[in-house]
Each structure stands twice: as structure tokens, then as C-alpha cells.
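Survey of secondary and tertiary structure
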Amino acid sequence: MTLERQYKTLPKLLKVSEVADFTCTHERTVRRWIRDGRLRAAETPGGMRIHRRALWRFLGLDLELSA
């Protein structure tokens, strides 16, 4: 699967658990990235959400893709 296809198949807003699964890390690690300001996230009534574009930037994969 290409990076562009992976990007487009991700939901626009990801849960912390989804980011942890995608990056093969623990949820605590993702929350630490958010707390340290390395990964942008928004607090919603349903919990923290990470925009897929923010995840792509964090991973250094900020390609010219439309969100």
C-alpha cells in the first residue's frame, strides 16, 4: 500500500489508541508526545483526537496531500 493510499484510508480524526496502533507504540507514549507538544491534538467531548495531517507531519511524512 502506498503512503498516499494509507493516508487517505485513515480517518480524518484519530483516537489516541488508533495513533498508538498505527505507530506500534503504547497509548501512554502518544499521550506523552501530545503533552510534550511534539504531536498536535484537540480535546473533544469524546477524548483526545489527532488530525491525520498532524500525525503525518509528526512522522515526517508531510506529503502534498489534501486532508
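Residues numbered from 1 in each chain as written. Predicted model: local features only at pLDDT ≥ 70, side-chain atom pairs only at ≥ 80, totals over all residues. Heavy atoms only, no water.

An unreviewed UniProt entry lists the protein under the name Helix-turn-helix domain-containing protein, from Deinococcus radiophilus.

Another point: the nonpolar core. Val16, Val19, Val30, Ile34, Leu39, Ile50 and Leu55 are the most contacted members of the largest nonpolar core, which totals 15 residues. When residues of this core are traced back to their parent elements, those giving at least two are helix H2 (16-23), helix H3 (27-35), strand S3 (47-51) and helix H4 (52-58). Residues in contact with Leu39, not counting those within four places in the same chain, are Val19, Val30, Trp33, Ile34, Ile50, Ala54, Leu55 and Phe58. (Core = buried A, V, L, I, M, F, W, Y, C linked by side-chain atoms within 4.5 Å. Buried < 20%, exposed > 50% of the residue type's maximum accessible area, 1.4 Å probe, protein only. Helix = DSSP H or I, 4+ residues; strand = E, 2+ residues; numbered from the N terminus. Contact = heavy atoms within 4.5 Å.)

Here the focus is the sheet that holds strand S2 (residues 42-44). Strand order in the open sheet formed by three strands is S1-S3-S2, with antiparallel pairing between adjacent strands. Looking along the sheet, the strands with just one partner apiece sit at the ends: strand S1 (13-15) and S2. Ignoring strand direction, the axes of neighbouring strands in this sheet form an average angle of 45°. In this sheet, S3 lies alongside S1 in antiparallel orientation, the contact comprising three bridges. Across the sheet, residue Leu13 finds its bridge partner in S3, namely His51. In the packing of H2 onto the sheet, the strands contacted are S1 and S3, and the crossing angle to S1 comes to about 85°. (Pairing = 2+ DSSP bridges. Axes fitted to C-alpha atoms, helices over the stretch in contact; angles between N-to-C directions.)

Here the focus is the packing of H2 against H3. At a minimum axis separation of 8 Å, H2 and H3 run at an interaxial angle of 110°. In this view, H2 runs roughly perpendicular relative to H3, as classed from their interaxial angle. Contacts between H2 and H3 involve Val16, Ser17, Val19, Ala20 and Thr23 on the former and, on the latter, Glu27, Val30, Arg31, Trp33 and Ile34. When its residues are assigned to classes, the contact of H2 with H3 shows six nonpolar, two polar and two charged. (Parallel < 35°, antiparallel > 145°, perpendicular 65-115°, else oblique. Nonpolar A, V, L, I, M, F, W, Y, C, P; charged D, E, K, R; others polar.)

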